[in-house]
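Listed below are the residues making up each chain.
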Amino acid sequence: MKRTILRLLLILLTISIGSCEVDQNIASNEEATDGQKALKILEDSGFNTFNAKIDGEYIIIEDDILIDIAFILENHKKEDNTIESKQSLSKKHTVSGGRVSNEYNNRVRFSMAENMRADWLPALKIAISRYNDVNECRVHMRYTTGSSHSHISYKNFESNTLGWGEYPRKTIHSNLKIYRKPGTKIYIDPVRTRNTSLENKVHLLMHEMGLNMGFAHVFDNAAHKARFGFKGTQIVGTAIYDANSVMNADGYDSGGIFTTNDIRALQIIYPGPFISDFDLSITD
C-alpha cells in the first residue's frame, strides 16, 4: 500500500514538474512569436533585420535603434485598419520613427541615471544646446533631474555598439487624441565609452537623441546604405548621402556638430517655432 501511495506521489510530482516546464515553454514561445511577428513587420517595411536583436520588450535594428515590440504590433494593426496617422512615416533625411507631436517637440526633457559618470552631464548639456541653437526649428530640449520624456542610462552591450536610442512612441490622452512622444530610452555602454572624449560623447548623445525624435540613419554612400537595407524617402533640400551627419550610421565623423543637411532636416520636419501650435493643456 505504501509503495502504491509513493508511486502515485512520484507520478503526480512528475506531472506537476512537466506541467510547469510546458507552461514556461508556452510563455517563451508566445514571447518569441511576438518578437518574430514584429521582425517580419519591420522587414516588410524595408528594414534590414538580418542582424536585428530582441532585448526584452525591444527589437534593435541597424545596431542602435530601439523599437518597442508592442508598438510595432499595435501600429501594424492600425495600418491594416487604415487608421494610421499620415504623419508617421511621411518623410525621411531621414525620418522613420515618426514625427514627435507639436505638443511635445518644443519641450523635450532628458534625465540621466545617477550611476552615470559625471563627465556625461556636460556632454548632455552641450548636445541639448546644439539642438536648441538651430534656427527656425521648433525642437527645444532641456535637462532635468525630475520627470522626463527620455532617460539616459548605462547598459552593457554584447556587440561593439556604443549606444541605443528609442524611436518615438504613441500615447493616448484623456481626450482620446493620439500623440507621439519622444523615445523614452537612451542606453550607453559604460565600458566602450570609458575613454571617449567630450566631443565624441556629445556626438553619441546627439545621435541617440535624434533617434528619440524619429530621425533615421544617414549613410556615406550607396554601398553603406545597402548594408543596412534602409528604404526611405530623402527630405527635399538635403543631400542623398552625408558622411559627416550626426545621424550617420557609423563613427564620430560629425564631431558633435550638425551639418547643413542635419539643420535642413530639423527645420523641415520640425518647422517653427509657431506660437499658435502650443498646447499648454498637456503637462506630462
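What you are looking at is a predicted structure, and each value in this text was computed from that prediction instead of being measured.

**Quick notes on the confidence of the model for the chain**
Mean pLDDT over the chain: 80, with 77% of residues reaching 70 or higher. Below a pLDDT of 50 lies the segment residues 8-29, which in the model reaches zero contacts outside its immediate sequence neighbourhood of four places, other chains included. This stretch, residues 80-92, has a pLDDT under 50; its non-local contacts, to residues over four places away or in other chains, come to 28 contacts.

**Quick look at the pairing of strand 2 (residues 58-61)**
Across the two faces of strand 2 the burial is the same, with Tyr58 and Ile60 and Ile59 and Ile61 all buried. Here three bridges tie strand 1 (residues 53-55) to strand 2, and the two strands are oriented antiparallel to one another. Among the inter-strand pairings, Asp55 is bridged to a residue of strand 2, identified as Tyr58. Linking strand 1 back to strand 2 in an antiparallel pair, the connection comprises two residues, with Gly56 at a positive phi of about 65°. The pairing of strand 2 with strand 3 (residues 65-68) spans four bridges and is antiparallel. Counterpart to Ile61 in the pairing with strand 3 is Ile65. What sits between strand 2 and strand 3 in their antiparallel hairpin is a turn of three residues, with Glu62 showing a positive phi close to 50°.

**Focus on the environment of Trp164**
With respect to the element layout, Trp164 can be found in strand 7 (residues 163-166). Once the C-alpha coordinates of Trp164 and Leu205 are considered, the two residues, 41 residues apart in sequence, prove to be 9.6 Å apart. Trp164 has contacts with Asp55, Ile60, Asp63, Asp64, Leu66, Lys155, Phe157, Lys185, Ile186, Tyr187 and Glu208, leaving out every residue within four places of it along the chain. A distance of 3.2 Å separates the side chain of Trp164 from the backbone oxygen of Asp63, its partner in a polar contact.

**Here we look at the sheet that holds strand 6 (residues 150-154)**
The strand order 1-2-3-7-10-6-4-5 describes an open sheet built from eight strands, whose pairing is mixed. Two strands close off the open sheet at either side, each with one partner strand: strand 1 and strand 5 (141-143). Taken pair by pair, the neighbouring strands of this sheet meet at an average axis angle of 25°, ignoring direction. Where helix 4 (residues 120-132) meets the sheet, its contacts fall on strand 4 (108-112), strand 5, strand 6 and strand 10 (185-188), and the angle it forms with strand 5 comes to roughly 165°.

**Quick look at the pattern of salt bridges**
Inspection of every chain in the model, using the stated rule, returns nine salt bridges. Residue Asp44 is joined to Lys40 by a salt bridge in which the shortest nitrogen-to-oxygen separation is 2.9 Å. Here Asp44 and its partner Lys40 are both found in helix 1 (residues 2-44), four residues apart, which amounts to about one turn of the helix. A residue is classified by how much of its surface remains accessible, and Asp44, at 55% relative accessible area, is exposed. Taking relative accessible area as the criterion, Lys40 reaches 44% and is therefore assigned partly exposed. Between Asp68 and Arg169 there is a salt bridge, with the nearest N and O atoms lying 3.5 Å from each other.

**Topic: the packing of aromatic side chains**
What describes a pair of aromatic rings is the distance from one ring centre to the other and the angle between the planes of the rings. One pass over the full model with this rule turns up five aromatic pairs. Centroid distance Tyr104 to Tyr179: 6.2 Å. Interplanar angle 80°. Geometry classified as edge-to-face. Of this pair, Tyr104 sits in helix 3 (residues 102-105) while Tyr179 sits in strand 9 (residues 178-181), and the two are 75 residues apart along the sequence. Given the relative accessible area of 0%, Tyr104 is considered buried. Ring pairs connect the aromatic residues Phe157, Trp164 and Tyr187, which therefore count as one cluster. Here Lys201 stacks its cationic end above the ring of Trp120, 5.2 Å away from the centre of that ring.

**Focus: the side chain of His203**
With respect to the helices and strands, His203 occurs in helix 5 (residues 198-212). For His203, the side chain forms a polar contact with the side chain of Ser254, separated by 2.4 Å. Every residue in contact with His203, bar those within four places of it in the chain, is listed here: Ser245, Val246, Gly251, Tyr252, Ser254, Gly255 and Gly256.

**Description of helix 7 (residues 260-269)**
Summarising burial for helix 7: seven of the 10 residues are buried, a large majority. Turning to helix 7, its buried residues are Asn261, Asp262, Ala265, Leu266, Gln267, Ile268 and Ile269. Looking at the buried positions of helix 7, the neighbouring elements they touch are helix 4.

**Digging into the packing of helix 4 against helix 5**
For the pair helix 4 and helix 5, the least separation of the axes is 8 Å and the interaxial angle reads 55°. Between helix 4 and helix 5, the crossing angle belongs to the class labelled oblique. The element helix 4 and its partner helix 5 pack so that their crossing is right-handed. Residue-level inspection shows Trp120, Pro122, Ala123, Leu124, Ile126, Ala127, Ile128, Arg130 and Tyr131 of helix 4 in contact with helix 5, the latter providing Leu198, Lys201, Val202, Leu204, Leu205, Met206, Met209 and Gly210. Residues belonging to the contact of helix 4 with helix 5 are distributed by class as follows: 14 nonpolar, one polar and two charged.

Cut-offs used in this document
- Residues numbered from 1 in each chain as written.
- Predicted model: local features only at pLDDT ≥ 70, side-chain atom pairs only at ≥ 80, totals over all residues.
- Heavy atoms only, no water.
- pLDDT = per-residue confidence, 0-100.
- Contact = heavy atoms within 4.5 Å.
- Buried < 20%, exposed > 50% of the residue type's maximum accessible area, 1.4 Å probe, protein only.
- Helix = DSSP H or I, 4+ residues; strand = E, 2+ residues; numbered from the N terminus.
- Pairing = 2+ DSSP bridges.
- Polar contact = N/O pair within 3.5 Å; in protein donor to acceptor, adjacent residues only side chain to side chain.
- Axes fitted to C-alpha atoms, helices over the stretch in contact; angles between N-to-C directions.
- Salt bridge = Lys/Arg side-chain N within 4 Å of Asp/Glu carboxyl O.
- Phe/Tyr/Trp six-rings, centres within 6.5 Å; stacked < 30°, edge-to-face > 60°.
- Lys NZ or Arg CZ within 6 Å of the ring centre and 35° of its normal.
- Parallel < 35°, antiparallel > 145°, perpendicular 65-115°, else oblique.
- Left-handed = near helix turned anticlockwise from the far one by under 90°.
- Nonpolar A, V, L, I, M, F, W, Y, C, P; charged D, E, K, R; others polar.

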